[in-house]
Amino acid sequence: MGSGKNSLPLAGAAGAATLIAAAVWMYNKQHAKKNHKSEDTTAATSCNSLGCVVEAKAVEEHTEVDVKEPSSNDDTAASEADVDSAEPTSDDTADTVEAPPPTNALSSQRRENGSFPRDWLRQLLLSHAHNHPNLPQNLQDKALVVAPMVDASDLPYRLLTRRYNTNLCFTPMIHARMFIEKEGYRRKFWRYHGMPKEDRPLIAQFCGHDKEVLYQAMKVVEDHVDGVDINCGCPQNIAKKGQYGAYLMEKDGGDCIVEIVRYLAPRLKVPVSVKLRILPSDGESGEPRFEDSMVLYRRLVEAGASMLTIHGRTREQRQRKTGAADWKFTKRVVDEFKDRIPVLSNGSISNMDDVERCLEETGADGVMVSEAILEYPPLFMQTNVEATNYKRTGPGRLQMAEDYLELCKQYPPDEGGQGSGLKCIRAHIHRFLHADLQTHTIVRDAVVRAFTMEAADNAVKMVRDIHEEINHDPTQEQLSWYVRHRMDWEEGFVNKNPEPTPEKIFVEEKKVEEVEDESDTDNEGCCFSPSDPFGESCGVDDGDY
């Protein structure tokens, strides 16, 4: 390719790298002061196709700061540092040209609190509807969303789901402080030049409780995404220690998260949204605090939130205590804010029948799915539904594993957007091929030991050999990993999966539960344990069934 084609992406990469350095510089400077002022005293106004916004002037004043090369004692190996310091080749540039920001005729009409017009999400989806020609007309303005999941909603996986009607993706949950402070951590989740043009629309989700830290982190990515989101859904103990996730809803009686939204909304170029649960019981009634939740949601909307995602469960509803998501409560939220902001429903989605029923019962602007779509990315297609007699009419699980690995070769581990590299890949293979791994333990062992791409390829080839030998019929496949907890709580639940027996399905997950939250943490919001080889004790926002 000629230099003309390379110049624009390279300039974008340099600009983004400079902005990251500026954000880090500003963060370190501000937090070195004992009497730090949280509000900016001066501001500048800038506009783009998404509208006008008041920005912190300090960031712009220091964009000339050069990016420092990672030191030898950085938190990642030198070989990883070389990836981002090298200039992209012509082929790299061709693969990572960004899509232009979405055009929205209503976007210049931002409210005084910084929130976007009610129609912003619909306009965004319709502007990308041409990428989903098989999506029914009545669903083209509804969000079919892959949830934010650490070590799960990585770049190759997002690209895979987009082939099958997913029209909006969230990044994995990103720890805002570590994103600003640690070069190695930032490389795990982001690329200086942004994500490929095929990875849009995209919302970046962050966790944290410091509004200034969240602002600096979101400022780095805002020119490369269609929105930013604050995680108020993670129920794990690490979130409690870090004062984020579902526990942020309860910090200072909700004042903390409200102030965060009030601070971010007018300062960022893109919509600010929040993913929430229902507040848990206060210990007296034993019932979820529905009224208190509604009060908090109202405060967030008043503060400038442009969208809410309601996971219709409390943080206490996890694993075998999960239970069904409360769609009636979600409908109440939708009815409350239907004229002000879009609301997404999260929870209790396993196929398109559930999607359509959820949209009808809640009136939501879309559905967010995590665990079911982790196992079967074509979930947003008419497959394994009543109309097909619950037969799988889409591609089989083996094809999912093979296609995912091909995308991983195109976007290699640890080059940005892939999370934890091969750990992430092993976890995906485990979920895709869960039913096979329960009966063919030799393959399961091969997946556990897949510390190279070649080993991961060989493990998947072993499954193909087995399928060919037994004349495996993909039309008979049903969800396996997804249903591992449901037998314990869902009344009348019948596992339609003929392979293997349900008892075998639950053995490894029970072992995982026994170590979850008991093992050491990597300080990045998830747990690791030798008895958890697939990384099942972190990554998924527990209970997003």
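Data block above holds the structure.
Conventions adopted
Residues numbered from 1 in each chain as written. Predicted model: local features only at pLDDT ≥ 70, side-chain atom pairs only at ≥ 80, totals over all residues. Heavy atoms only, no water. Helix = DSSP H or I, 4+ residues; strand = E, 2+ residues; numbered from the N terminus. Buried < 20%, exposed > 50% of the residue type's maximum accessible area, 1.4 Å probe, protein only. Contact = heavy atoms within 4.5 Å. Areas by Shrake-Rupley, 256 points an atom, 1.4 Å probe, with all protein chains shown as cover. Phe/Tyr/Trp six-rings, centres within 6.5 Å; stacked < 30°, edge-to-face > 60°. Expected span 1.5 Å × (residues − 1). Salt bridge = Lys/Arg side-chain N within 4 Å of Asp/Glu carboxyl O. Pairing = 2+ DSSP bridges. Axes fitted to C-alpha atoms, helices over the stretch in contact; angles between N-to-C directions. Left-handed = near helix turned anticlockwise from the far one by under 90°. Nonpolar A, V, L, I, M, F, W, Y, C, P; charged D, E, K, R; others polar. Polar contact = N/O pair within 3.5 Å; in protein donor to acceptor, adjacent residues only side chain to side chain.

A.B. asks: Quick rundown of the overall build of the protein chain? Include the residues and the values.
C.D. replies: When helices and strands are counted, the protein chain shows 22 helices and 11 strands. Across the 545 residues that make up the protein chain, the buried fraction comes to 59%. In the protein chain, 73% of the contacts between residues at least 6 apart in sequence involve partners at least 24 apart. Per element, the accessible surface of the protein chain, about 21,800 Å² overall, is 49% carbon and sulfur.

A.B. asks: Explain the packing of aromatic side chains residue by residue, including any values.
C.D. replies: For the structure shown, the criterion picks out six aromatic pairs. Here the aromatic rings of Tyr215 and Tyr263 are separated by 6.1 Å at their centres, their planes lie at 80°, and the arrangement is edge-to-face. Highlighted residues: Tyr215 in helix H9 (residues 211-221) and Tyr263 in helix H11 (residues 255-264), separated in sequence by 48 residues. Here Tyr215 falls in the buried class, since its relative accessible area comes to 0%. Under the relative-accessibility criterion, Tyr263 is labelled buried at 1%. An angle of 55° between the planes, with centres 6.1 Å apart, marks the rings of Tyr297 and Phe329 as tilted. Within this pair, whereas Tyr297 is found in helix H12 (residues 290-303), its partner Phe329 is found in helix H13 (residues 327-337), the two being separated by 32 residues in sequence. Accessibility classification places Tyr297 together with Phe329 in one group, the buried group.

A.B. asks: Please set out helix H20 (residues 453-470) residue by residue, giving values where relevant.
C.D. replies: In this model, H20 (18 residues) spans 26 Å end to end at C-alpha, consistent with the 26 Å of a helix rising 1.5 Å per residue. Within H20 the residues assigned to the buried category are Met453, Ala456, Asp457, Ala459, Val460, Val463, Ile466 and His467. Considering only its buried residues, H20 is in contact with helix H16 (397-410), helix H17 (422-432), helix H18 (434-439) and helix H19 (441-448). Downstream of H20 by a residue or two, Asn471 has a phi angle that is positive, lying close to 55°.

A.B. asks: How would you explain the pattern of salt bridges if you had to name every residue and give the values?
C.D. replies: Going through the model one piece at a time under the given rule, you end up with 30 salt bridges. Arg118 serves as the salt-bridge partner of Asp365, at 2.9 Å between the closest nitrogen and oxygen. Note that Asp365 is positioned in the loop between helix H14 (352-362) and strand S11 (366-369) and Arg118 in the loop between helix H4 (90-95) and helix H5 (120-127), a separation of 247 residues in sequence. With relative accessibility at 25%, the residue Arg118 sits in the partly exposed group. Where salt bridges share partners, they join Arg392, Arg397, Asp436 and Glu477 into one cluster.

A.B. asks: I'd love a proper account of the pairing of strand S3 (residues 143-146), names of residues and values included.
C.D. replies: Burial of S3 is two-sided: the residues Ala143 and Val145 facing one way and the residues Leu144 and Val146 facing the other way are all buried. Alignment of S3 against S11, held across four bridges, turns out to be parallel. Among the inter-strand pairings, Val145 is bridged to a residue of S11, identified as Met368. Alignment of S3 against strand S4 (residues 168-170), held across two bridges, turns out to be parallel. Bridged to Val146 within S4 is Cys169.

A.B. asks: Outline the packing of H12 against H13, supporting the account with residue identities and numerical values.
C.D. replies: Between H12 and H13, whose axes approach to 11 Å, the crossing angle comes to 35°. Handedness of the crossing formed by H12 with H13: right-handed. Counted together, Phe290, Glu291, Ser293, Met294, Tyr297, Arg298 and Val301 of H12 and Phe329, Arg332, Val333, Glu336 and Phe337 of H13 form the full contact between these two elements. A per-class count over the contact of H12 with H13 returns seven nonpolar, one polar and four charged.

A.B. asks: Break down the side chain of Ser348 for me, with residues and values.
C.D. replies: Following the sequence through the fold, Ser348 ends up in the loop between strand S10 (343-346) and H14. With relative accessibility at 17%, the residue Ser348 sits in the buried group. Among the polar contacts made by the side chain of Ser348, one reaches the side chain of Arg313 at a distance of 3.4 Å. Within polar-contact distance, the side chain of Ser348 engages the backbone nitrogen of Ala325 at 2.8 Å.

A.B. asks: I'd like to hear about the environment of Arg111, residue by residue, with values.
C.D. replies: Relative to the helices and strands, Arg111 is located in the loop between H4 and H5. Sequence separation of Arg111 and Gly304 is 193 residues, and the distance between their C-alpha atoms is 8.2 Å. Those residues within four positions of Arg111 in sequence are excluded, and the remaining contacts are Phe116, Pro117, Arg118, Arg340 and Ile341. Only 2.8 Å separates the side chain of Arg111 from the backbone oxygen of Phe116, close enough to count as a polar contact. A polar contact of 2.8 Å, which involves the side chain of Arg111, links it to the backbone oxygen of Arg340.

A.B. asks: Help me get a handle on unusual backbone geometry, residues and values and all.
C.D. replies: In this structure, Pro201 follows Arg200 across a cis peptide bond, with omega equal to 0°. Its location among the elements puts Pro201 in the loop between helix H8 (183-189) and strand S6 (202-207). The backbone of Asn384 shows a phi angle near 55°, a positive value even though the residue is not glycine. In this structure, Asn384 sits in the loop between helix H15 (371-375) and H16.

A.B. asks: Quick one: what's the story with the side chain of Arg267, residue by residue and with numbers?
C.D. replies: Within the secondary structure, Arg267 sits in the loop between H11 and strand S8 (272-276). Judged by relative accessible area, Arg267 falls into the buried class, the value being 13%. At 2.9 Å, the side chain of Arg267 and the backbone oxygen of Tyr263 are in polar contact.

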